[in-house]
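# Architecture at a glance
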Protein chains: 4
Amino acid sequence: MTIAELELPTTTAATPSTSTTMKALVYHGPGERAWEEKPRPAIQEPSDAIVRITTSTICGTDLHILKGDLPVVPDGRILGHEGIGIVEEVGAGVSEFHVGDKVIISCVTACLKCDFCKRGMYSHCRKGGWILGYAIDGTQAEYVRIPQADGSLYHFPAGADEEAMVMLSDILPTGFECGVLNGQVKPGDTVAIVGAGPVGLAILLTAQFYSPAAIIMIDLDDKRLAVAQQLGATNLINSGDGQAAQRELTEGAGVDVAIEAVGIPATFDICQTIVAAGGHIANVGVHGKPVELHLEKLWDRNISITTRLVDTVTTPMLLKVVRSGKLQPSQLVTHRFAMNDIMKAYDTFGNAAKEGALKVILTNSDSLVR
Amino acid sequence: MTIAELELPTTTAATPSTSTTMKALVYHGPGERAWEEKPRPAIQEPSDAIVRITTSTICGTDLHILKGDLPVVPDGRILGHEGIGIVEEVGAGVSEFHVGDKVIISCVTACLKCDFCKRGMYSHCRKGGWILGYAIDGTQAEYVRIPQADGSLYHFPAGADEEAMVMLSDILPTGFECGVLNGQVKPGDTVAIVGAGPVGLAILLTAQFYSPAAIIMIDLDDKRLAVAQQLGATNLINSGDGQAAQRELTEGAGVDVAIEAVGIPATFDICQTIVAAGGHIANVGVHGKPVELHLEKLWDRNISITTRLVDTVTTPMLLKVVRSGKLQPSQLVTHRFAMNDIMKAYDTFGNAAKEGALKVILTNSDSLVR
Amino acid sequence: MTIAELELPTTTAATPSTSTTMKALVYHGPGERAWEEKPRPAIQEPSDAIVRITTSTICGTDLHILKGDLPVVPDGRILGHEGIGIVEEVGAGVSEFHVGDKVIISCVTACLKCDFCKRGMYSHCRKGGWILGYAIDGTQAEYVRIPQADGSLYHFPAGADEEAMVMLSDILPTGFECGVLNGQVKPGDTVAIVGAGPVGLAILLTAQFYSPAAIIMIDLDDKRLAVAQQLGATNLINSGDGQAAQRELTEGAGVDVAIEAVGIPATFDICQTIVAAGGHIANVGVHGKPVELHLEKLWDRNISITTRLVDTVTTPMLLKVVRSGKLQPSQLVTHRFAMNDIMKAYDTFGNAAKEGALKVILTNSDSLVR
Amino acid sequence: MTIAELELPTTTAATPSTSTTMKALVYHGPGERAWEEKPRPAIQEPSDAIVRITTSTICGTDLHILKGDLPVVPDGRILGHEGIGIVEEVGAGVSEFHVGDKVIISCVTACLKCDFCKRGMYSHCRKGGWILGYAIDGTQAEYVRIPQADGSLYHFPAGADEEAMVMLSDILPTGFECGVLNGQVKPGDTVAIVGAGPVGLAILLTAQFYSPAAIIMIDLDDKRLAVAQQLGATNLINSGDGQAAQRELTEGAGVDVAIEAVGIPATFDICQTIVAAGGHIANVGVHGKPVELHLEKLWDRNISITTRLVDTVTTPMLLKVVRSGKLQPSQLVTHRFAMNDIMKAYDTFGNAAKEGALKVILTNSDSLVR
């Protein structure tokens, strides 16, 4: 949709569904992105739905793609795997959603029918998994095609807050499933979270579902640590000197649960150093390199190490908890932009440390998308 | 006890309980061992028991100590952490065992009272753990002092077979807890066991408690693989060329459970290569070096990796299964020696590949120990 | 299909798909059943499949319906919820099955998309659950309509035995999920199964997945107890005098797991009498009356009591175990009939004690159904 | 200790340990109790400790004994199974506690060595279980003998509040283990607690460890319901008309967890009426009569029903949570008395409804017990 078109609002409004284009944030190779016109998506399979995006957000993974870290992503891909929207059209096989339904889009696409989906491993769905904004076009656009809609959308609760609910697309289930559940956080535990970015903070929020006695937040950025304290961290460690965490935490017994939320060898190493005998290391970060695992020290320590791509199987439960008011994920929102300003939003999110950015909210105004 | 002494059996027999010495297998620094006279152990703490050994055996860990791999073990240490025997004396605080009771000695000493013991982590008992034949004198002797006797001994079932029961000291709980339980073997699973030594075979036997659909045994030694087949392995892979396992197993979906029972980087690497998404790697081997963990490939594979020093908390259950006849651990016995011939037994066990040795049984004849 | 029609095979064969009728076993009110002509089922919803039945069987529940115990079942209902067949037609929303696929029909219909299905409780599927041969027409016919086909059918393994596989429709998942899993059978356990009918025997077979030390079979019928012994029961108790089980089993410590597989107060009472402290009572039987629960004796016994309508979520796993040869469910087959002789088959199954009947197999011959 | 003695404090103080008597609350048959002189307890077994009580409290079970509901309790028994105190003397087998240690006394005595203790079922310890103030003399006294001291005492955390900590003797582990753990409370759940007495409120407090979305408190007493609201209940139902709970809760889907904390058929019946398919009924109440279990309605509802005598295995964890400040059990204290006034304390606690009593604290003043 061009500015010229915007000058003719009555025409646009008069024939909303006849437009065949939309605006979208498009990846054009390492370091290159544009907010540009693209064809509006259409139903391709009976299980598809087309969703008009009302709210979206940017994820650290989007930055990885932009850097070129995931070379499989082709030039021309629309980015984004988080969003809230309105169902505009559904395929013949979609039974749970109807035109006009307001929905939460899951970052993971699930057919519900394959062996992995039946085991609750939607992340490895034979027809889905994480594909939005990666293997297929994503949600940082005016419209998106959602394959396997019945397994990949959730009904938006009446009266809920879009800013809170968009955190259910990815960040909350990721933090909860990969960090808290895999880490087996229990009442009374001592939990360390390495990395106080948006996902680390989502872990912090959802770890509190299980009433650990202490949650130690470890990061290099004092500002993020201060946010963590507001969100419930009981102890803060700036690991800038490379040894602080190890020093403070291994004089004692070590931690019951160490959660890696960065994705580099150094932070994984903190985890394997501070975990107590009988404890758990839950890896959440996306790693680009191998790490050195000190089995010569750990073989007799009775620990578990887990990895996980989020399955989003806990989304229904998280919805209940958010609805009950016990979890307020909109605390993670630091900036708000119109979707039209997404290029600026990326600038802000890309300088997160300087800007103090956590989650940036993107909103499609009605005039634009109708 | 020297040969000269043995020429005077009547004296020895006439005053059995007044003797203050015994024979024992003693470590004298790397590569040095002797079957020599040592003071007979005495009660030191109220929780101690003195056990007269009737049956013992040699473990791969004993060889590690002899090689000097565990430098913390001092010259003069009596080796051995497995055994069956008769209680000769108990301290004032021992309530579950009495003089004359026939007992199975657990390789792990458990006070039952500390925080780790209460959590079922006897391996990390504040007063015990693996100490026999390592931090204190062990069972390859005529007598042994067992600290924390109430938590470290088990009543020998009437009528049971000593050769079968001595496998409960270490090898069966080790294989079962560190391999099968930690690997979460389930009915219908595909399980791979890397290493067909005594512990690997104990894993093979106890994995069958859970009716996996396939158990793939991987080793370099065809003779051991043949034994594995007799004990229930459904598939055999000789990994001699370094790639066989990976090639055969990753064309398919990978295995649900990969169990490492060797303790070197190469075998751990096989495990991380062949494990399926959603699968489990259970480390059982004792490692001397770090391994490279390919988090850049595994971060999104939803796997678990576990380590464990055996806790022996499943010994009561294993006793029931052995008693029921569903598990016949004496299948692992390949050689038998009088305890007096333990030096030869070590020679045999130390050349396991050539000798076809798995477990070697050591028996104290009555004439000697009375 | 009438006899007159059968005299004109060429016509039938020439236009197989144009026939609009079929033969089916129809319920006509309490005590009344007929093998009669009915309209052939057609696709009604995009998620439907039409399956041509090749093998079916009769369940005790079918007898309950015939007795009038389930008054909600209307006159005219085709009975049967077990079967193997060939997919003849699929709706537009069916993605996992195609015309010509050989399939196992699950007794439970699962949409996979509702809240219950997502939790693995297919039994309470919002659009399914147990409906075949009960709320909608069933499988004792030449053709059946299967709603929610993607969640309710399973691919028949190439080369497998239909008689074995038809046990996966109901009896094996019922015994395994409601009895063995809910009863938490573990290696070394003592398990009692009250009721040695087909479901009780399916429990017996699948309990052995977990290597209990003892399985005690309790029934009034010595013939069935003899079958149980052949299938792996370690102890048999004829509870004819009403006290035998209690007497034999409560002198000891009681049983770890007591599984009720009959559905009357007397058998539930046996279970609550014989269960050990810390044990589990798994109810599998279909009950028509309340039972008296002795909470005044049980409140401090740390037991669990469970109920369950089979979810069939373990069918993929059971398929693997049957395929591996570790479970041979065709051992439960005692009689075989052509589907055309289903009236006789019901006579036999209805006199199970006298006839020594367990599962009776019904086969549609090709000439009839093509 | 008589009033005459109290007039001679210097003498008492000068020879504290020579006194051979103490004051205690003694049961003298149904309805009869007295605060009277009794011999001071002495070490009988090596595993015993003698504890000087500083704080105790009264439990509903004490009232049951006084009513004569537990006829096994003999005339002359000192009541009470909750308390804080100072170790005065230990047997030779006690290793974890020393004279002068401040301790929390567990209501359950655990040898830690028997089969039940090793399984974590201290409640059924072969040498212990619930015996204090029931099978042996209890804690409503100046001194108490604690058998199996190493398993039955916990170190009092430095600086902690005795009123809070005495709730760890019984009420908190009972509510948590029998109600919350057995009920499998999960984040997002709807939980109903039937009975807002002290144990019901302990369930309410500890259920919040797991962040349920809603906790519905059901009772006949509006005052107790008001307390429940202050302690975190999200919904209150006065079940006075016998149908309110059923009406309100079964129009919806029913509750995920229904916890019975009264011990009569009517309240159990509420639980079985309101539990959702797939839900859990956790019985906590002490029942004197059987209940009618509606298996004819529940057989296909996939529910669990559990019973449990508290094992107190979670006491170490509860200690951590109380220490972290996330649980403030002193909120349950409504009245405080000197131990000397225990007869009045019983009057108050025995009229709990009228007095608004929950937990009444009993304190031994130093002058009395020194």
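Residues numbered from 1 in each chain as written. Chains lettered and ligands numbered in written order. Predicted model: local features only at pLDDT ≥ 70, side-chain atom pairs only at ≥ 80, totals over all residues. Heavy atoms only, no water.

### As for the overall build of chain A
Scanning chain A from N- to C-terminus turns up 16 helices and 16 strands. Once the C-alpha set of chain A is aligned to its principal axes, its extents read approximately 70 × 45 × 40 Å. Looking at chain A as a whole, 62% of its 370 residues qualify as buried. Sequence separation of at least 24 residues holds for 69% of the intrachain contacts in chain A that already meet a minimum separation of 6. Element-wise, carbon and sulfur atoms account for 52% of the exposed surface of chain A, whose accessible area totals about 13,100 Å². On chain A, the mean spot of the 30 positive side-chain charges and the mean spot of the 42 negative ones are 3 Å from each other. (Helix = DSSP H or I, 4+ residues; strand = E, 2+ residues; numbered from the N terminus. Buried < 20%, exposed > 50% of the residue type's maximum accessible area, 1.4 Å probe, protein only. Contact = heavy atoms within 4.5 Å. Areas by Shrake-Rupley, 256 points an atom, 1.4 Å probe, with all protein chains shown as cover. Lys, Arg positive; Asp, Glu negative; His and termini not counted. Charge placed at Lys NZ, Arg CZ, Asp CG, Glu CD.)

### Description of the confidence of the model for chain A
Residue and element names in this part refer to chain A. The predicted model of chain A averages 91 in pLDDT, with 91% of residues at 70 or higher. In this model residues 1-16 is a low-confidence stretch, pLDDT under 50, and it forms 14 contacts with partners more than four residues away in sequence or in other chains. Across the interfaces of the predicted complex, the ipTM metric reaches 0.92, alongside a pTM of 0.93. (pLDDT = per-residue confidence, 0-100.)

### Brief notes about the state of the cysteines
Summed over the entire model, instances satisfying the criterion amount to zero disulfides over all chains. Among the cysteines around Cys-271 of chain C, which has no disulfide bond, Cys-178 of chain C carries the closest sulfur, lying 14 Å off. Counting only cysteine sulfurs, Cys-125 of chain D is the nearest neighbor of Cys-111 of chain D, a cysteine outside any disulfide, at a range of 3.6 Å. (Disulfide = S-S within 2.5 Å.)

### Here's the deal with the relation of the copies chain C and chain B
Superposing chain C onto chain B takes a rotation of 180° combined with a translation of 0.0 Å along the rotation axis, leaving an RMSD of 0.0 Å. Here the copies are linked by what is in effect a two-fold axis. Among all residues of chain C, the one whose C-alpha sits closest to the rotation axis is Tyr-210 of chain C, at a distance of 2.5 Å. Interface overlap between copies is the fraction of interface residues in one copy that are interface residues in the other; for chain C against chain B it reaches 100%, indicating a shared surface. (Least-squares fit on C-alpha atoms with pLDDT ≥ 70 in both.)

### Observations regarding the interface of chain C and chain B
Contact residues are listed per partner, giving 13 residues for chain C and 13 residues for chain B. When chain C packs against chain B, the two sides together hide about 1,200 Å² of surface, and 63% of this comes from carbon and sulfur. The largest share of the area that chain C buries against chain B comes from Pro-187, Ser-211 and Lys-326 of chain C, three residues that together contribute 37% of it. Inspection of the chain C/chain B interface yields zero salt bridges. Residues of the side of chain C that touches chain B, tallied by class, amount to seven nonpolar, four polar and two charged. (Buried area = accessible area lost by both parts, 1.4 Å probe. Salt bridge = Lys/Arg side-chain N within 4 Å of Asp/Glu carboxyl O. Nonpolar A, V, L, I, M, F, W, Y, C, P; charged D, E, K, R; others polar.)

### Remarks on the interface of chain A and chain B
At the junction of the two partners, chain A supplies 34 residues and chain B supplies 34 residues. Here chain A and chain B share an interface that buries about 2,900 Å² over both sides, 61% of which is from carbon and sulfur atoms. Our count for the contact surface shared by chain A and chain B stands at zero salt bridges. At the boundary of chain A and chain B, one finds 19 residue pairs in polar contact (both at pLDDT 80 or more). (Polar contact = N/O pair within 3.5 Å; in protein donor to acceptor, adjacent residues only side chain to side chain.)

### Description of the pairing of strand S2 (residues 33-39) of chain A
Residue and element names in this part refer to chain A. In terms of strand pairing, strand S1 (residues 21-27) meets S2 through seven bridges, oriented antiparallel. When the bridges of S2 are listed, Thr-21 appears paired with Pro-39. Counted between consecutive antiparallel strands, the loop separating S1 from S2 contains five residues, among which Gly-29 sits at a positive phi close to 90°. (Pairing = 2+ DSSP bridges.)

### Examining the pattern of salt bridges
Across all of its chains, the model carries 54 salt bridges over all chains by this definition. A salt bridge links Arg-52 of chain B to Glu-88 of chain B; the nearest nitrogen and oxygen atoms lie 3.2 Å apart. With Arg-52 of chain B in strand S3 (residues 49-57) and Glu-88 of chain B in strand S4 (residues 83-90), this pair connects stretches of sequence that are 36 residues apart. You can call Glu-88 of chain B partly exposed: its relative accessible area is 34%. Its salt-bridge partner being Asp-48 of chain D, residue Arg-145 of chain D comes within 2.9 Å of it at the nearest N-O pair. Of this pair, Arg-145 of chain D sits in strand S6 (residues 143-146) while Asp-48 of chain D sits in the loop between strand S2 (33-39) and strand S3 (49-57), placing them 97 residues apart in sequence.

### Structural notes on the relation of the copies chain A and chain B
Once chain A is rotated about the relating axis by 180° and shifted along it by 0.0 Å, it coincides with chain B to within an RMSD of 0.0 Å. Of the residues that chain A buries at the interface, 100% are likewise interface residues in chain B, meaning the two copies contact each other through the same surface.

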